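# Reading the structure
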Amino acid sequence: MSTRSGTGLEVLSHTFESPELVRDWLAGEPEASRFYPGHPADLTSYRSPWKGADEGDPVDPAEQRSRREAVAESLTGGGAQRDSRLLEFVRDEGFVVTTGQQPGLLGGPLYVVYKALTAIALAERLQLRLGKPVLPVFWIGSEDHDWEEARTHTLLDQENELRRVELPADSSLSPSLYRRVPGDALSRAVEELLSHLPETEFSEPWAHLLRQSASSRSSHARSFEVILEGLLADRGLFLLTSHAPVLKASTSALLLRELEHSEESEAALEGRVRELSQAGFSSPVSILSGATNVFVAGREGRDRLLRTAEGFRARHSGEEWTLEELGNLAAAHPEALSPNVLLRPVVEAAFLPTLAYVGGPGEMAYLAQTAPLFSLHGLGRPMVHPRASLTLVEGKIGKVMEKYDLDLQTLARPHDEVANLLVREELPEEIRRAVGTLRGEVARGTKELAQAVATLDPTLSGVAQQVRSAAFTQLDEVEKKVRQALKRENAIALQQVAKAQRHFFPDGKPQERSQSIWYYLSRYGDDLLDELTQESREAVLPE
């Protein structure tokens with residue numbers, strides 16, 4: 001499906017490439033479906049993981065209210081209706097739809113926005129269908145530590161050239177993304193980004209937001225939070241950082257329980273891997289023998305805890321603790337412990353009354369592995385819902401696709417392969433045929449001329465031969481000029497195709513995974529967000 005805004009920007013909605021497990025599950029295949037708590041199109045699949053009255057279990061209303069109050073205290077964003085929506089969420093036993101990502105420099109790639117907008121759209125739809133408040137919440141993975149991914153931002157500039165804005169490749173920055181980035185590195189990154197963007201009637205508010213995100217007190221995570229709030233809070237998005245104090249205090253007991261039962265967790269996860277394998281599916285997350293699903297903030301930053309005979313050891317620093325010592329550490333510093341990728345959804349669902357998580361293809365695949373951890377901690381699994389997958393097509397690029405009859409699938413191929421489909425090295429058939437016909441006619445005509453003039457004066461037959469040679473020379477020149485025109489046409493075509501590929505597949509990756517939103521916002525303003533919001537609504541649970 002596609003929509004076109006009044007500015008001429010086309011938004012293409014399509015199905016992203018997914019692992020076989022995800023593809024089969026979304027298609028309703030029974031063998032894959034058994035690894036998920038339901039199907040995104042089925043309303044009955046959306047159930048809170050909190051054990052309570054909605055699932056038929058006894059519940060303490062005061063406890064439920066207290067838990068939701070803790071959630072409300074931890075959330076930022078929400079826009080102008082923030083206070084009233086949080087009040088309704090607590091009072092009326094509301095729920096949330098979540099999505100999330102580790103902080104990306106200057107807001108990260110386009111799919112971050114698509115995730116958030118899908119969560120907003122799904123929360124709206126579930127609230128309407130269930131008659132309960134449902135808040136869209138973006139979980140900012142501020143404790144994650146993939147610094148190489150987090151420190152780089154990619155965009156196309158006004159000349160359609162790919163540009164990268166980067167923070168220093170300093171490993172000392174990586175252990176905790178919520179720590180302050182030293183010096184004015186964020187400000188320099190913002191100014192470099194702005195230097196590559198067009199100045200338009202829409203530019204000023206976005207430039208102000210970006211500069212605001214890079215204040216001297218900003219951490220990487222805080223900068224990301226400010227950008228998302230500025231972009232989407234007025235559309236109803238709430239935000240939660242994974243290092244939020246109330247969240248950390250509320251979930252430290254779960255992390256300690258996970259450590260206490262880490263052998264049981266490992267065995268259960270290995271069993272899940274075997275189940276997936278027997279069903280013909282791969283497991284995205286490998287299970288490391290002897291490792292727990294918990295990280296500790298140690299001497300060398302965020303470090304995986306391994307089991308030892310006496311307790312636990314940090315994988316890189318070698319520091320050791322007993323379970324009791326880790327309990328004391330968590331009591332004094334709740335931020336010291338954090339979950340790995342498989343335990344993170346469990347921690348999230350323990351703190352938030354989550355109906356659904358909006359994820360990309362990789363996330364939806366690894367979430368199939370998490371069922372044993374939810375069971376071990378007494379929680380139901382939230383539904384999983386695919387994020388919208390969109391491609392933005394500017395008018396100038398759409399014309400290139402139309403002119404050369406290209407689609408996204410073709411443009412995703414290597415440039416040399418696409419070039420081979422377009423480049424014409426031989427003369428077009430109609431020209432080759434016309435030149436050949438004319439050569440034959442010239443040959444026949446000059447032969448007849450030579451014979452005719454020879455009856456008058458035999459020496460005149462040479463003149464006829466000169467005419468033939470001159471005509472053939474001129475035809476050779478025509479062919480030469482046609483081939484030159486072909487080369488120019490090919491060069492223009494290849495330049496235009498290369499430009500289209502840079503728009504859709506920068507560095508060979510899909511636009512939504514590599515290109516940022518700032519170029520498009522500078523060109524199209526809020527109209528773009530309106531279009532993306534509408535496309536995200538089309539992608540969620542049917543009305």
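Residues numbered from 1 in each chain as written. Predicted model: local features only at pLDDT ≥ 70, side-chain atom pairs only at ≥ 80, totals over all residues. Heavy atoms only, no water.

The next point concerns unusual backbone geometry. Glycine aside, residues mostly have negative phi angles, and peptide bonds mostly take the trans form. Unusually for a residue other than glycine, Glu-93 sits at a positive phi of about 55 degrees. With respect to the helices and strands, Glu-93 occurs in the loop between α4 (82-91) and β4 (95-101). Here the phi dihedral of Leu-106 falls at roughly 55 degrees; this positive angle occurs in a residue that is not glycine. (Helix = DSSP H or I, 4+ residues; strand = E, 2+ residues; numbered from the N terminus.)

Bringing a nonpolar patch on the surface into the picture now. Taken together, the side chains of Leu-456, Leu-460, Val-463 and Val-467 make up a nonpolar region of the molecular surface, amounting to roughly 350 Å² of accessible area. Mapped onto the fold, Leu-456 is located in the loop between α19 (429-454) and α20 (461-504). (Patch = residues over 30% accessible without salt bridge, like charges linked within 9 Å, V, L, I, M, F, W, Y side chains within 5 Å. Areas by Shrake-Rupley, 256 points an atom, 1.4 Å probe, with all protein chains shown as cover. Salt bridge = Lys/Arg side-chain N within 4 Å of Asp/Glu carboxyl O.)

Moving on to the packing of helix α7 (residues 185-195) against helix α8 (residues 203-213). Running from N to C, α7 and α8 cross one another at 160 degrees; their axes reach a closest spacing of 9 Å. By the angle between their directions, the pair α7 and α8 is classed as roughly antiparallel. Helix-helix and strand crossings are classified by hand; for α7 and α8 the assignment is right-handed. In this structure, α7 contributes Val-190, Glu-191, Leu-193 and Leu-194 to the contact, and α8 contributes Ala-207, Leu-210, Arg-211 and Ser-213. Along the lines of polarity and charge, the residues of the contact of α7 with α8 split into five nonpolar, one polar and two charged. (Axes fitted to C-alpha atoms, helices over the stretch in contact; angles between N-to-C directions. Parallel < 35°, antiparallel > 145°, perpendicular 65-115°, else oblique. Left-handed = near helix turned anticlockwise from the far one by under 90°. Contact = heavy atoms within 4.5 Å. Nonpolar A, V, L, I, M, F, W, Y, C, P; charged D, E, K, R; others polar.)

Once that is clear, we can look at the pattern of salt bridges. If you walk through the whole model with that rule in mind, you get 23 salt bridges. The salt bridge involving Arg-151 is made with Glu-166; its shortest N-O contact spans 3.8 Å. Remark: Glu-166 occurs in strand β7 (residues 162-166) and Arg-151 occurs in the loop between α6 (147-150) and β6 (152-156); sequence separation between them is 15 residues. Residue Arg-151 is classed as buried on the basis of its relative accessible area of 9%. Here Glu-191 makes a salt bridge to Arg-211, at a shortest N to O gap of 2.8 Å. With Glu-191 in helix α7 and Arg-211 in helix α8, this residue pair connects regions lying 20 residues apart in the sequence. Through salt bridges with shared partners, a single ionic network connects Glu-31, Arg-34, Arg-272 and Glu-275. (Buried < 20%, exposed > 50% of the residue type's maximum accessible area, 1.4 Å probe, protein only.)

Moving on, we get to the nonpolar core. Counting 73 residues, the largest nonpolar core has Leu-122, Leu-240, Leu-305, Leu-326 and Leu-337 as its most contacted members. By size, the runner-up hydrophobic cluster in this structure holds 52 residues, among which are Val-112, Leu-186, Trp-206 and Tyr-519. (Core = buried A, V, L, I, M, F, W, Y, C linked by side-chain atoms within 4.5 Å.)

To continue, consider empty space enclosed by the protein. The final tally for this structure, using the stated rule, is three cavities of 30 Å³ or more. The computed volume of the largest cavity comes to approximately 120 Å³. For the largest cavity, the lining is made up of 15 residues, of which Pro-345, Tyr-357, Leu-367, Phe-374 and Pro-382 are closest to its centre. Those elements that provide at least two residues to the lining of the largest cavity are α13 (344-351) and β15 (383-386). Considering each element in turn, the lining of the largest cavity owes the most residues, four residues, to α13. Residue composition of the lining of the largest cavity, grouped by class: 10 nonpolar, two polar and three charged. (1 Å grid on protein atoms, 1.4 Å probe; cavity = no way out; pocket = protein on both sides within 12 Å on 5 of 7 lines; lining within 4 Å. Points joined across faces, edges and corners; volume = space filled by probe spheres on them.)

The final tally for this structure, using the stated rule, is five aromatic pairs. A ring pair is formed by Trp-25 and Tyr-36, whose centres lie 4.0 Å apart and whose planes are at 15 degrees; its orientation type is stacked. Here Tyr-36 lies in the loop between α2 (30-33) and α3 (61-74) and Trp-25 lies in helix α1 (residues 20-26), a separation of 11 residues in the sequence. Using a relative accessible area of 6% as the deciding quantity, one classes Tyr-36 as buried. (Phe/Tyr/Trp six-rings, centres within 6.5 Å; stacked < 30°, edge-to-face > 60°.)

Time to look at the sheet that holds strand β8 (residues 238-241). Spatial ordering of the open sheet is given by β3-β8-β5-β4-β14-β15, a layout of six strands whose pairing is mixed. Of all the strands in the sheet, just β3 (76-77) and β15 have a single pairing partner and so form its edges. Looking at chain direction, β3 and β8 are connected through two bridges and run antiparallel. The residue of β8 that forms the bridge with Gly-77 is Phe-238. (Pairing = 2+ DSSP bridges.)

Let us look at the layout of surface pockets. Estimated volume of the second largest pocket: approximately 460 Å³. When residues in the lining of the second largest pocket are grouped by element, the largest group, three residues, is from helix α21 (residues 511-514). Its residues assigned to classes, the lining of the second largest pocket comprises nine nonpolar, seven polar and four charged.

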